[in-house]
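Secondary and tertiary structure notes
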Amino acid sequence: MLTIDCKEVLSIKNELLVYVSDQVAAIPTLKHHQFTLSAFDDDEILDTNTVITAIKEFLDSIGENLNFAVISNHDVINITSISGKIIERDTPPPQNDMFSCTHCGFVTRYQVELNTHMRIHYL
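Please read these numbers as outputs of a predicted model, since none were measured by experiment.

Quick look at the nonpolar core
Counting residues in hydrophobic clusters, the biggest one holds 25 residues, and the most contacted among them are Ile4, Leu37, Val51 and Ile55. The set of elements that each furnish at least two residues to this core consists of β1 (2–5), α1 (13–24), β3 (34–38), α2 (48–61), β4 (68–73) and β5 (76–81). In contact with Val51, other than residues within four places in its own chain, are Leu2, Ile4, Val20, Val24, Leu37 and Ile77.

Have a look at this one:
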């Protein structure tokens, strides 16, 4: 499982998550300032270089590749602003956090509902 830290690119976190998870064929899980990617098969290991390449491709597609560095530290990938620039979008990021199941991708707005759902995977 890889964690992608999006503190400096929060306004594009959801778009980035969709693009990267599609490119590397992984299961994404949203968190507060980051997201995680898990392989479909527990025996598989996600290639960090492939994930970094996908992140750089996305940044390039929105014209921000020169303003951000993508740095890997073991299982954590940080997207860091080189110039101190922050990506801002017209619409602010939604305040309601979404939680998703790492096993099947079930998405809910409530942590309690996710916890209840997760129990079915361990029956």
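Observations concerning the environment of Glu8
On the secondary structure map, Glu8 appears in the loop between β1 and α1. Through-space distance from the C-alpha of Glu8 to that of Lys85 is 8.6 Å; in sequence the pair is 77 residues apart.

What about α2?
When the terminal C-alpha atoms of α2 are compared, their 20 Å separation across 14 residues agrees well with the 20 Å that a helix rising 1.5 Å per residue should span. Residues Thr48, Val51, Ile52, Ala54, Ile55, Phe58 and Leu59 constitute the buried set of α2. The buried residues of α2 all sit within an arc of 160° when viewed along its axis, so they share a single face. Away from the buried face of α2 by more than 90 degrees, exposed residues Asn49 and Ser61 are located. Lining the buried residues of α2 we find β1, α1, β3, β4 and β5. Just beyond α2, the residue with positive phi is Gly63, at close to 75°.

Considering the pairing of strand β2 (residues 27–30)
Taking every second residue as pointing to the same face, the buried face of β2 carries Ile27 and Thr29, while none of Pro28 and Leu30 on the other face is buried. Sheet analysis places β2 next to β3, joined by four bridges and oriented antiparallel. Counted as the bridge partner of Leu30 is Phe35 from β3. Between β2 and the antiparallel strand that follows it, β3, lie three residues.

What about the sheet that holds β5?
Sheet strands pair via backbone hydrogen bonds, and the direction of the pair is either parallel or antiparallel. Read across the open sheet, the five strands follow the order β2-β3-β1-β5-β4; overall the sheet is mixed. Edge positions in the sheet fall to β2 and β4, since each has one partner strand and no second. Taken over all neighbouring pairs, the strand axes of this sheet differ in orientation by 20° on average, direction set aside. Pairing of β1 with β3 involves four bridges; the strand directions are antiparallel.

Scoring rules and cut-offs
- Residues numbered from 1 in each chain as written.
- Predicted model: local features only at pLDDT ≥ 70, side-chain atom pairs only at ≥ 80, totals over all residues.
- Heavy atoms only, no water.
- Core = buried A, V, L, I, M, F, W, Y, C linked by side-chain atoms within 4.5 Å.
- Buried < 20%, exposed > 50% of the residue type's maximum accessible area, 1.4 Å probe, protein only.
- Helix = DSSP H or I, 4+ residues; strand = E, 2+ residues; numbered from the N terminus.
- Contact = heavy atoms within 4.5 Å.
- Expected span 1.5 Å × (residues − 1).
- Arc of directions from axis to C-beta.
- Pairing = 2+ DSSP bridges.
- Axes fitted to C-alpha atoms, helices over the stretch in contact; angles between N-to-C directions.

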